[in-house]
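Single-letter residue listing:
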Amino acid sequence: MKPFLRNMLLKFAEIIGKTRRYIGIQITSTYKPVFACLFAFSIVFCGIYITASRNLAIKTIKKNLSQIINHLNEFGLDIAYDNIEFNSMMFYPLVKIEGLKIYSATSLNEWALKFNTVKAYPNIIGTQRLRFQSIDGGTFKFNEYNSVMSSNETFLDIIYNNQKFEELVLHAEDINIKDFAKIEKIAFLSKYSEPSEIEAFTTPSYINMFEVNNVKINGLIDYPLSSNLKLLYAQANIMGKFEPDEIFITSIGNWLHKGGFIDVPNLIVQWEPLTLVGRGNINFNEALSPRINFNTSSKGLLTLIKDLQKRELLENSNVFVANIMLNNKAYKMNPDDEEYTIVTPIGYADGKLTIENLPIKDFNK
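Not measured: the values here are computed from a predicted model. (Residues numbered from 1 in each chain as written. Predicted model: local features only at pLDDT ≥ 70, side-chain atom pairs only at ≥ 80, totals over all residues. Heavy atoms only, no water.)

So, the overall build of the protein chain
When its secondary structure is counted, the protein chain shows 5 helices and 18 strands. Across the 365 residues of the protein chain, 31% fall into the buried class. Contacts in the protein chain between residues at least 24 apart in sequence constitute 49% of all its contacts with a sequence separation of at least 6. About 22600 Å² of surface is accessible on the protein chain, with carbon and sulfur atoms providing 58% of the total. (Helix = DSSP H or I, 4+ residues; strand = E, 2+ residues; numbered from the N terminus. Buried < 20%, exposed > 50% of the residue type's maximum accessible area, 1.4 Å probe, protein only. Contact = heavy atoms within 4.5 Å. Areas by Shrake-Rupley, 256 points an atom, 1.4 Å probe, with all protein chains shown as cover.)

This is the structure:
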């Protein structure tokens, strides 16, 4: 419909130009009614087209909403809302949701993220992009902790191409979770990439990037790292052909069966005393339990391990051996560095965190 409308308007403008050149004079009052009718027809046609496009978008949203809820339920999550309204009239929100809540349904720790009002707008012409905006904050809950949440600019863009998912963009700025944390920016991008048909090569089907900037955490909260997370950045590519199915877990199973995995070519963490860069990959077993392997270069790792050991959060026997191995590899990249640089593998599998292939934390206990 979009190319058709664009071509029609271009033809209409071309006809007007040729007519004026042929007559060689300004449009007289004789022609004004004709052009007024043509202009009115164009306006009415555009209005009908936009209304029809918005009605089609509403049907798509209603269909996809039930699918999204089913997929979230498979992973112990759910969505609830107080009220939802749809509107096909131009210049009005396509969707308005009051009290939209995303929450855990089965996990041991109860958490919920609630937005007071969410509005969705399509493109003025066409429905290739749909933007959801949170306009007046909400609340954050974790177990018994409740806090008011606000932000300056929060939106979620979903972009389609020929009725197929093309790109998802999440952006939020100046997030304030009262008495818990202030976050300068959160950004997430997921983009579809046509995978290679050559079986000998594994190429990404989705390219994902995640970034968090300048998180200031309430100093009263007890944790070993500083109260300022400067940067967390990761690129994670879903390798192999991923074909969505009505049952999402079935899609994941088929993807894994064909050799799918997650490649992480770039990971950056700046959270004093730790500065870490790395790359690696994430595989999954039949129970969808992750197996993570990273090669990292970091500063402040020894200090972090020491702090965690003081809090009795690590396995002391293995940490003692790991510290010896890490100290033997530690060096100062610059003479004035306060922290040592260490190049070491870090992994996670079967509920155990490892450094230098030594389990230092068993989350199964």
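Now that the structure has been shown, we can carry on.
Some remarks on the environment of D179
Among the secondary structure elements, D179 is positioned in the loop between β9 (164–177) and β10 (181–192). Separated by 33 residues in the primary sequence, D179 and N146 have C-alpha atoms spaced 9.6 Å apart. Leave out the neighbours within four places in its chain, and D179 touches Y145 and N218.

Let's talk about the nonpolar core
In terms of nonpolar packing, the biggest core is built from 29 residues, with I305 and L326 touching the most fellow members. Take this core: its biggest share by element is 5 residues, from helix α4 (residues 301–310). Counting residues in each nonpolar core, the second largest holds 25 residues, with I58, L100, V118 and I183 among its members. (Core = buried A, V, L, I, M, F, W, Y, C linked by side-chain atoms within 4.5 Å.)

With respect to the environment of K230
By secondary structure assignment, the location of K230 is in strand β12 (residues 228–239). Residues in contact with K230, not counting those within four places in the same chain, are V212, N213, N214 and Q270.

Coordinates in, geometry out; function isn't part of it.
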